[in-house]
Amino acid sequence: MPYAYDDQNIFAKILRGEIPNSTVADTEHTLAFRDIAPKAPEHILVIPKGPYVTADHFANEASEAEIADFWRTLGKIVIEIGVDEEGKGHRLIANAGVDGVQEVPHFHMHILAGRPMGPMLLMRD
Ligand code: 5GP
């Protein structure tokens, strides 16, 4: 089973209300909240409420309703925080697994904005 979900991960605890969060959006299938250790002036995490480990897990197994709700919510947040005003833009990141350096094994998109993000990646080795 490539997508074993650990329901003790920190975002599962946030979804169960066991850990507080700074909520930005809360819909039927999606929760968005501020990152506890922001890497940019705006750093918001958008997560599905269902038990999905990675973006590919979500894309392969979530319902149409979950997928639509997730992306519509993310889109509204980007508009609400105004990060695309004057074409300044933002960066979306989804880390997965060991090579992707995913800290929390519950699928999340990072929305980062409010400063130039720099190069996407540097090739090493
Ligand atoms: P990842 O490396 O898995 O893509 O990113 C996980 C993110 O979750 C990190 O940016 C980290 O700062 C954030 N994070 C970890 N624990 C908590 C927490 O308890 N609350 C919030 N709001 N963010 C967290």
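Preceding this paragraph is the structure being described.
All values reported here derive from a predicted model rather than from experimental measurement. (Residues numbered from 1 in each chain as written. Predicted model: local features only at pLDDT ≥ 70, side-chain atom pairs only at ≥ 80, totals over all residues. Heavy atoms only, no water.)

## Section: the environment of Ile-10
Structurally, Ile-10 is set in helix α1 (residues 10-15). Placed 93 residues apart in sequence, Ile-10 and Glu-103 show a C-alpha to C-alpha distance of 9.7 Å. With residues up to four places along the chain from it excluded, the contact list for Ile-10 reads Ile-19 and Val-104. (Helix = DSSP H or I, 4+ residues; strand = E, 2+ residues; numbered from the N terminus. Contact = heavy atoms within 4.5 Å.)

## Observations regarding the site of the ligand
Around the ligand lies a shell of 17 residues, among which Asp-35, Asn-95, Glu-103, His-108 and His-110 are the nearest. One nitrogen or oxygen atom from the main chain of Val-101 is found 3.4 Å from an oxygen atom belonging to the ligand. For the ligand, an oxygen atom lies 2.8 Å from a polar atom in the side chain of His-110. About the coverage of the ligand: the protein hides 88% of its 520 Å² of free accessible area. (Near = heavy atom within 4 Å. Polar contact = N/O pair within 3.5 Å; in protein donor to acceptor, adjacent residues only side chain to side chain. Areas by Shrake-Rupley, 256 points an atom, 1.4 Å probe, with all protein chains shown as cover.)

## What to know about the pattern of salt bridges
Side chains that differ in sign of charge can pair as their charged atoms come close. Summed over the entire model, instances satisfying the criterion amount to 3 salt bridges. Arg-16 is the partner of Glu-18 in a salt bridge, and the nearest nitrogen-oxygen pair spans 2.7 Å. For the salt bridge of Asp-26 with Lys-49, the shortest nitrogen-to-oxygen distance reads 2.6 Å. Taken as a pair, Asp-26 in strand β1 (residues 23-26) and Lys-49 in the loop between β3 (42-48) and α2 (55-61) lie far apart in primary sequence, 23 residues in all. A relative accessible area of 54% places Asp-26 in the exposed class. (Salt bridge = Lys/Arg side-chain N within 4 Å of Asp/Glu carboxyl O. Buried < 20%, exposed > 50% of the residue type's maximum accessible area, 1.4 Å probe, protein only.)

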